[in-house]
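# Examination of the molecular architecture
Here is what each chain is made of, one letter per residue.
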Amino acid sequence: MGAPGGGGSEQAALLERLVAAGHLGRTGVAGLYARGEPFERVRLAFDALVTRVAAPEAPERLCFPPLIPRAMLERSGYLRSFPHLAGAVFCFEGDEREAARLDELAGAHADWSALTRMSDMALAPAACYPLYPAIAQRGPLPEGGVTLDTSDAYVFRREPSEDPARMQIFHMREIVRIGTAEEVLAWRSRWRERAAELLRSLGLELELALASDPFFGRAGRLLASQQREQELKWELLAPVAGRATAIASSNYHQDHLARTFSLATADGSAAHTGCMAFGEERVTLALLCAHGLELSRWPAAVRDALELDA
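Model, not experiment: these values are computed from the prediction.

Reading guide: rules and limits
What you see as residue numbers is a count from 1 along each chain, following the sequence as written. The predicted origin of the model limits local features to residues at a pLDDT of at least 70 and limits the giving and counting of side-chain atom pairs to 80 or more, whereas totals for whole chains, interfaces and linings rest on all residues. Side-chain figures throughout are based on the complete set of non-hydrogen atoms in the structure, without hydrogens or water. Only DSSP runs of H or I with at least four residues qualify as helices, and only runs of E with at least two residues qualify as strands; both kinds are numbered from the N terminus onward. Every radius of gyration here is taken over C-alpha atoms, with the globule rule written as 2.2 Å times N^0.38, N being the number of residues. Note on classification: 1.4 Å probe, protein chains only; a residue is buried when its accessible area is under 20% of the maximum for its type, exposed when over 50%, partly exposed between these limits. Under the counting rule used here, the positive set is Lys and Arg, the negative set is Asp and Glu, and His together with the chain ends is not counted. For the purpose of locating charges, the reference atoms are NZ of Lys, CZ of Arg, CG of Asp and CD of Glu. Fitted lines through C-alpha atoms give the axes, limited to the stretch in contact for helices. The angle between two N-to-C directions lies from 0 to 180 degrees. Every angle not falling under 35 degrees, over 145, or within 65 to 115 is termed oblique; those three ranges are roughly parallel, roughly antiparallel and roughly perpendicular. Handedness of a helix crossing follows the sense of rotation of the near helix relative to the far helix, less than a right angle counterclockwise being left-handed and clockwise being right-handed. We call two residues in contact whenever any of their non-hydrogen atoms come within 4.5 Å of each other. In this analysis, rings of Phe, Tyr and Trp, with Trp reduced to its six-membered ring, are considered paired at centre separations within 6.5 Å, and the interplanar angle assigns stacked below 30 degrees, edge-to-face beyond 60, and tilted for intermediate values. Criterion for a charge above a ring: Arg CZ or Lys NZ at most 6 Å from the ring centre, at most 35 degrees from the ring normal. When DSSP finds two or more bridges between a pair of strands, those strands are recorded as paired. In this text, buried Ala, Val, Leu, Ile, Met, Phe, Trp, Tyr and Cys residues form a nonpolar core when linked through side-chain atoms within 4.5 Å. Counting of polar contacts relies on pairs of N or O atoms within 3.5 Å, with two restrictions inside protein: one atom must be capable of donating a hydrogen and the other of accepting it, and residues adjacent in sequence are counted only when both atoms are side-chain atoms. For this document, the term salt bridge refers to a Lys or Arg side-chain nitrogen within 4 Å of an Asp or Glu carboxyl oxygen.

## Regarding the overall build of the protein chain
The helix and strand tally for the protein chain stands at eleven helices and 13 strands. Its C-alpha atoms give the protein chain a radius of gyration of 21 Å, near enough to 19 Å, the size a compact globule of 310 residues would have. Along the longest, intermediate and shortest principal axes, the C-alpha atoms of the protein chain span 60 × 55 × 40 Å. Evaluated residue by residue, the protein chain yields a buried proportion of 49% over its 310 residues. Once the 33 positive and 41 negative side-chain charges of the protein chain are each reduced to a mean point, those two points are 3 Å apart.

Below, the structure written as structure tokens:
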């Protein structure tokens, strides 16, 4: 999901209001916040609502930590398309002398990165990435494919900003479909409409727009153009501090990820994949902007839909 970077005056003012109201807490790093109780109440209530809406499909739930094997990130091609957003984990593996030097540098707030080494872990850039190799290990898909659900999934994007809608680490809730092209496309169409209906039922003003991912560099501009031409990505945008912000996205990966991770349909052909992704913090921010920072004053219909009084 995309939106302009940086952080304008309206976004900075919203951040100050959120901090003052106890929804967010500063950590000293742009885009990295503590979540207060009222903010988390709304986020978790929305997460539960998505669970209820998805329940008729009985998706299989798979939960992963916010770290993935670095080899998975490298294999996926993410570093070719989005090197500016990626994060890897570096750890100290030195001796006592190097440890003393590290402590000295850290105490002076100097650069101590040379004393660490890249580990075999990276920060997850999308909730669905670990799903594909996990499902591929089972062998060919069953007839009709599979529907999967990620919940409580943190993802990382290196985009420091004072805009509260552009966090560096946030929750992405994804419903994922793996099957034939026809199955995935039909499913994606249904979920795009379902997601719009769900978000509008919460009193949000929505705009559906063709979109592209923030690919890197000159070649990335061509990929973004192709993504739009093939209508591989749609976004649902809602106002956050006066700016249309993507709060959910409908994505079709064709057979790219399936070929990358050797996902085959029941007949042995390359599977196709698609997902419906909700940025839970962005949805929460959109709701706070639409209805105010005091949850007790929200419209009764919205509170009931989210079961905030339950």
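## Here's the deal with the packing of helix α2 (residues 37–54) against helix α7 (residues 181–200)
Across the interface, α2 lies against α7 with an axial gap of 12 Å and an inter-helix angle of 135°. What the angle tells us is that α2 and α7 run oblique. Helix-helix and strand crossings are classified by hand; for α2 and α7 the assignment is right-handed. Side by side, α2 and α7 meet where Phe46, Leu49, Val50, Val53 and Ala54 of the first sit next to Trp191, Arg194, Leu198 and Leu199 of the second.

## Brief notes about the packing of aromatic side chains
Per the counting criterion, the structure on display carries seven aromatic pairs. When the centroid spacing of 6.3 Å and the interplanar angle of 45° are considered together, the rings of Trp187 and Trp191 count as tilted. With Trp187 and Trp191 both in helix α7 and four residues apart, this pair spans about one turn of that helix. Exposure remark for Trp187: the relative accessible area of 1% places this residue in the buried category. What makes Trp191 buried here is its relative accessible area of 1%. Here the aromatic rings of Trp191 and Phe278 are separated by 6.4 Å at their centres, their planes lie at 70°, and the arrangement is edge-to-face. You can see Trp191 sitting in helix α7 and its partner Phe278 sitting in strand β13 (residues 272–279), a full 87 residues away along the chain. Sitting above the plane of the Trp234 ring, Arg192 keeps its charged end 4.8 Å from the centroid. Seen from the ring of Trp191, Arg194 lies directly overhead, with NZ or CZ sitting 4.7 Å from the centre.

## Remarks on the pairing of strand β12 (residues 243–254)
Taken across its twelve residues, β12 has ten buried, putting it largely inside the fold. Examined bridge by bridge, strand β11 (residues 233–240) and β12 share eight bridges and lie antiparallel to one another. Bridging from a neighbouring strand, Pro239 pairs with Ala244 of β12. Inspection of the sheet shows β12 paired to β13 by six bridges, in the antiparallel sense. Note that in β13 the partner of Asn251 across the bridge is Cys275.

## Describing the nonpolar core
One finds Phe46, Leu199, Phe278, Trp298 and Leu306 to be the most contacted residues of the largest nonpolar core, which totals 49 residues. Ranked by residues supplied to this core, first place goes to α2 with seven residues. With near-sequence residues (within four places) excluded, Trp298 lies in contact with Val42, Leu287, Leu288, His291, Gly292, Arg303, Leu306 and Leu308. Residues Tyr78, Ala258, Leu263 and Cys275 belong to the second largest nonpolar core, which totals 29 residues.

## Overview of the side chain of Thr245
Mapping Thr245 onto the fold places it in strand β12. Reaching out from Thr245, the side chain makes a polar contact with the backbone oxygen of Arg243 at a distance of 3.0 Å.

## Re the pairing of strand β7 (residues 146–150)
When you tally the buried positions in β7, you get five out of five residues, the bulk of the element. In β7, alternate side chains face the same way, and those of Val146, Leu148 and Thr150 on one face and Thr147 and Asp149 on the other are all buried.

## Quick word on the side chain of Gln168
Locating Gln168 in the fold gives a position in the loop between β8 (154–156) and β9 (169–179). The residues touching Gln168, leaving out its near neighbours within four places in the chain, are Val29, Ala30, Gly31, Val155, Phe156, Arg157, Arg158, Glu159 and Pro160.

## With respect to the pattern of salt bridges
Summed over all chains, the structure comprises 20 salt bridges. Put simply, Glu159 and Arg166 hold a salt bridge, and the shortest N to O gap is 2.5 Å. Several salt bridges share partner residues, and in doing so they unite Glu16, Arg26 and Glu162 into one network.

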